[in-house]
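Structure at a glance
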Amino acid sequence: MLTSKQRAYLKGRANGLDTIVQIGKNGVEPAVTKQVADALASRELIKGRVLENSPYTPHEAAAELAEYTGSEVVQVIGTKFVLFKQKKKDSAYTL
């Protein structure tokens, strides 16, 4: 569980990130979950977007992806969301 200070720090770090995951009309499917898990393993902090034709709201998609990948939802703003999963060793983020 992230504290408010940790969440604020990660929001600032995520500000300059590009969106690397898009949730479309098929929703959160196994291929998307695998992509998110792989991205979190290498980057720790990722930004995603829910398209208009998706059956999920951004909050629902972020929560479901966080549950499947064991990550934390940092922020949901508009159609975008940020997920974080800290590495056990050699983390780029000091929390």
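Described below are features of the structure shown in this document. (Residues numbered from 1 in each chain as written. Predicted model: local features only at pLDDT ≥ 70, side-chain atom pairs only at ≥ 80, totals over all residues. Heavy atoms only, no water.)

Looking now at the pairing of strand 3 (residues 72-77). Sheet topology note: the strand 3/strand 4 (residues 80-84) ladder contains five bridges and is antiparallel. Paired with Glu72 across the strands is Phe84, a residue of strand 4. What sits between strand 3 and strand 4 in their antiparallel hairpin is a turn of two residues, with Gly78 showing a positive phi close to 60°. (Pairing = 2+ DSSP bridges. Helix = DSSP H or I, 4+ residues; strand = E, 2+ residues; numbered from the N terminus.)

Attention now moves to the pairing of strand 2 (residues 45-50). Across the six residues that make up strand 2, a large majority, five, are buried. Sheet topology places strand 1 (residues 19-23) next to strand 2; four bridges connect them, and they run parallel. The residue bridging Val21 from the neighbouring strand is Gly48, located in strand 2. This β-α-β element, strand 1 to helix 2 (residues 30-43) to strand 2, shows right-handed connectivity. In the sheet, strand 2 pairs with strand 4 via five bridges, with the strands oriented antiparallel. The residue of strand 4 that forms the bridge with Gly48 is Phe81. (Buried < 20%, exposed > 50% of the residue type's maximum accessible area, 1.4 Å probe, protein only. Right-handed = clockwise from strand over helix to strand, strands pointing away.)

For the rest of this paragraph, the subject is the environment of Pro55. Within the secondary structure, Pro55 sits in the loop between strand 2 and helix 3 (58-69). In this structure Pro55 comes out as exposed when scored by relative accessible area, which is 56%. Counting along the chain gives 31 residues from Pro55 to Gly24, while the straight-line C-alpha distance between them is 7.9 Å. Each residue touching Pro55, except ones within four places of it in the same chain, is listed here: Gly24, Lys25, Gly27 and Glu60. (Contact = heavy atoms within 4.5 Å.)

On to the pattern of salt bridges. Applying the stated rule across the entire model yields one salt bridge. The salt bridge involving Lys34 is made with Asp38; its shortest N-O contact spans 3.0 Å. Here Lys34 and its partner Asp38 are both found in helix 2, four residues apart, which amounts to about one turn of the helix. Residue classification places Lys34 among the exposed residues on the basis of a relative accessible area of 52%. Note on Asp38: relative accessible area 43%, which makes it partly exposed. (Salt bridge = Lys/Arg side-chain N within 4 Å of Asp/Glu carboxyl O.)

This paragraph deals with the packing of helix 2 against helix 3. Helix 3 packs onto helix 2 with a crossing angle of 65° between their chain directions and a minimal axis gap of 10 Å. What the angle tells us is that helix 2 and helix 3 run roughly perpendicular. The chirality of how helix 2 crosses helix 3 is right-handed. On helix 3, the residues that touch Val32, Thr33, Val36, Ala37 and Leu40 of helix 2 are Leu65, Tyr68 and Thr69. Its residues assigned to classes, the contact of helix 2 with helix 3 comprises six nonpolar, two polar and no charged. (Axes fitted to C-alpha atoms, helices over the stretch in contact; angles between N-to-C directions. Parallel < 35°, antiparallel > 145°, perpendicular 65-115°, else oblique. Left-handed = near helix turned anticlockwise from the far one by under 90°. Nonpolar A, V, L, I, M, F, W, Y, C, P; charged D, E, K, R; others polar.)

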